[in-house]
Amino acid sequence: MIDLRSDTVTKPTPAMREAIANAPVGDDVYHDDPTVNELEARVAGLLGKDDAMFVPSGTMSNQVAVRIQTEPGDSVIIEEEAHIGVHELGGAAHHSGVTLRRIAGTRGVFGADAVRDLVPVPHPALPSHLLDPFTLVCVENTHNAAGGTVWPIDAIRDVTRTAAELGLRRHLDGARIWNASVASGVGVDEYASHFDTVSVCFSKGLGAPVGSALVGDRETIDRARRFKHLFGGGMRQAGLIAAGALYAIDHHRGRVADDHANARAFAEGLAQVDGCSIDLSSVQTNIVNFDVDDAAAVVDAAGDNGVLMLVNRPGQVRAVFSLAVENTQVREAIEVTAEAIRASLR
Ligand SMILES: *Cc1c(COP(=O)(O)O)cnc(C)c1O
């Protein structure tokens with residue numbers, strides 16, 4: 001099987017399993033698990049922030065970030081197809097009581113002007129207590145639904161500066177910030193410097209079995225710890241999974257460049273196939289979205305021949321490259337997918 005469904009399907013390598021087996025543990029609910037504490041310190045340091053909080057999932061990390069930086073009734077700005085808005089099951093409304101205000105981006109990227117257009121400006125005839133309270137803007141880098149696209153650092157600077165001027169807090173959904181950084185050469189700390197909070201995942205391209213972290217200043221993360229527990233995220237001997245994340249940070253960060261090269265080769269191969277349309281400029285990291293007539297038929301036929309992918313929507317398939325895919329499997333993945341596309345046209 002060649003598993004291109006997601007970069008979450010990776011399994012721990014033997015060396016990672018060994019690190020997990022040997023990890024010292026404590027009780028993370030009492031915050032005395034040495035491996036979790038080491039991971040939190042390491043991630044905070046990498047991102048240039050005071051503190052980090054280890055959580056079971058990127059979804060919880062984002063949801064806590066929204067909860068601690070808003071009041072019920074607030075408006076939160078996100079990109080139209082952002083994970084927080086389309087893959088977290090209405091969590092922002094459920095947990096935080098906020099309204100999501102969506103901006104349609106280009107490859108997941110929106111501009112400062114769109115933020116200014118959305119946030120109402122008080123006027124003597126329309127005092128601020130009558131205006132929707134906008135308190136948070138969220139950026140997603142890389143942008144998952146757009147195909148793993150990278151936010152240019154200048155665009156991040158513009159949007160976050162404008163948001164700060166308008167009095168909004170800034171959250172970065174950096175589930176794949178590691179991929180963004182390797183692709184762009186911009187440090188993860190440089191990205192993080194423009195935001196109050198950043199969520200990062202260890203269980204995507206880095207290949208750890210479980211976990212994400214929310215980073216920010218000391219006061220923000222102290223407050224976040226209350227909601228981690230409230231949301232049911234208190235974990236006991238969590239050092240076992242934190243050890244996988246630590247191992248991934250030390251050993252798998254650089255290798256995501258291989259995934260980007262594999263995604264590129266796959267995309268260029270498919271671009272030659274009749275019945276397949278692909279925007280090569282959107283293939284910037286490890287995700288390939290391609291358009292076909294009947295995505296379900298293509299996914300089913302490829303799956304029958306050992307290449308697993310997902311349907312994004314009726315006319316679009318998604319393939320993701322990760323530690324789970326060897327460079328030597330890319331050619332076979334192209335051939336099987338191309339044949340599935342041809343078969344779907346017959
Ligand atoms: C996967 C993902 C998340 C959530 O991570 P889980 O650990 O699956 O909950 C959040 N944001 C983005 C952009 C993602 O791709």
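Reference entry: report on the structure contained in this document. (Residues numbered from 1 in each chain as written. Predicted model: local features only at pLDDT ≥ 70, side-chain atom pairs only at ≥ 80, totals over all residues. Heavy atoms only, no water.)

This part is about helix 10 (residues 218–230). Spanning 13 residues, helix 10 covers 19 Å between terminal C-alpha atoms, matching the ideal 18 Å at 1.5 Å per step. For helix 10, the set of buried residues is T220, I221, A224, F227 and K228. Along the axis of helix 10, the buried residues cluster in a sector spanning 110°; they form a single face. Those residues of helix 10 that are exposed and angled more than 90 degrees off the buried face are E219, R226 and L230. (Helix = DSSP H or I, 4+ residues; strand = E, 2+ residues; numbered from the N terminus. Expected span 1.5 Å × (residues − 1). Buried < 20%, exposed > 50% of the residue type's maximum accessible area, 1.4 Å probe, protein only. Arc of directions from axis to C-beta.)

Okay, the pairing of strand 6 (residues 169–174) next. With 5 of its 6 residues buried, strand 6 lies for the most part within the structure. Where strand 5 (residues 134–140) meets strand 6, 5 bridges bridge the pair, whose relative direction is parallel. Among the inter-strand pairings, C138 is bridged to a residue of strand 6, identified as H171. For the crossover from strand 5 across helix 7 (residues 153–165) to strand 6, the handedness is right-handed. Taken together, the 4 bridges between strand 6 and strand 7 (residues 197–201) define a ladder with parallel strand orientation. Opposite D173, over in strand 7, you have S199 as the bridge partner. (Pairing = 2+ DSSP bridges. Right-handed = clockwise from strand over helix to strand, strands pointing away.)

To continue, consider the pairing of strand 2 (residues 51–55). Counting buried positions over the 5 residues of strand 2 gives 5, a clear majority of the element. The alternating pattern of strand 2 places D51, M53 and V55 on one face and A52 and F54 on the opposite face, and all of these are buried. Sheet topology places strand 2 next to strand 8 (residues 212–216); 5 bridges connect them, and they run antiparallel. What sits directly across from M53, in strand 8, is L214.

Turning next to the site of the ligand. Of all residues adjacent to the ligand, which total 13 residues, the nearest are G58, T59, D173, R176 and K204. At 2.8 Å, a backbone N or O of G58 approaches an oxygen atom of the ligand. A distance of 2.6 Å is found between an oxygen atom of the ligand and a side-chain nitrogen or oxygen belonging to T59. Notes on the ligand: free accessible area 380 Å², of which the protein chains cover 86%. With 3 residues, the top contributor of residues to the shell around the ligand is helix 3 (residues 58–68). (Near = heavy atom within 4 Å. Polar contact = N/O pair within 3.5 Å; in protein donor to acceptor, adjacent residues only side chain to side chain. Areas by Shrake-Rupley, 256 points an atom, 1.4 Å probe, with all protein chains shown as cover.)

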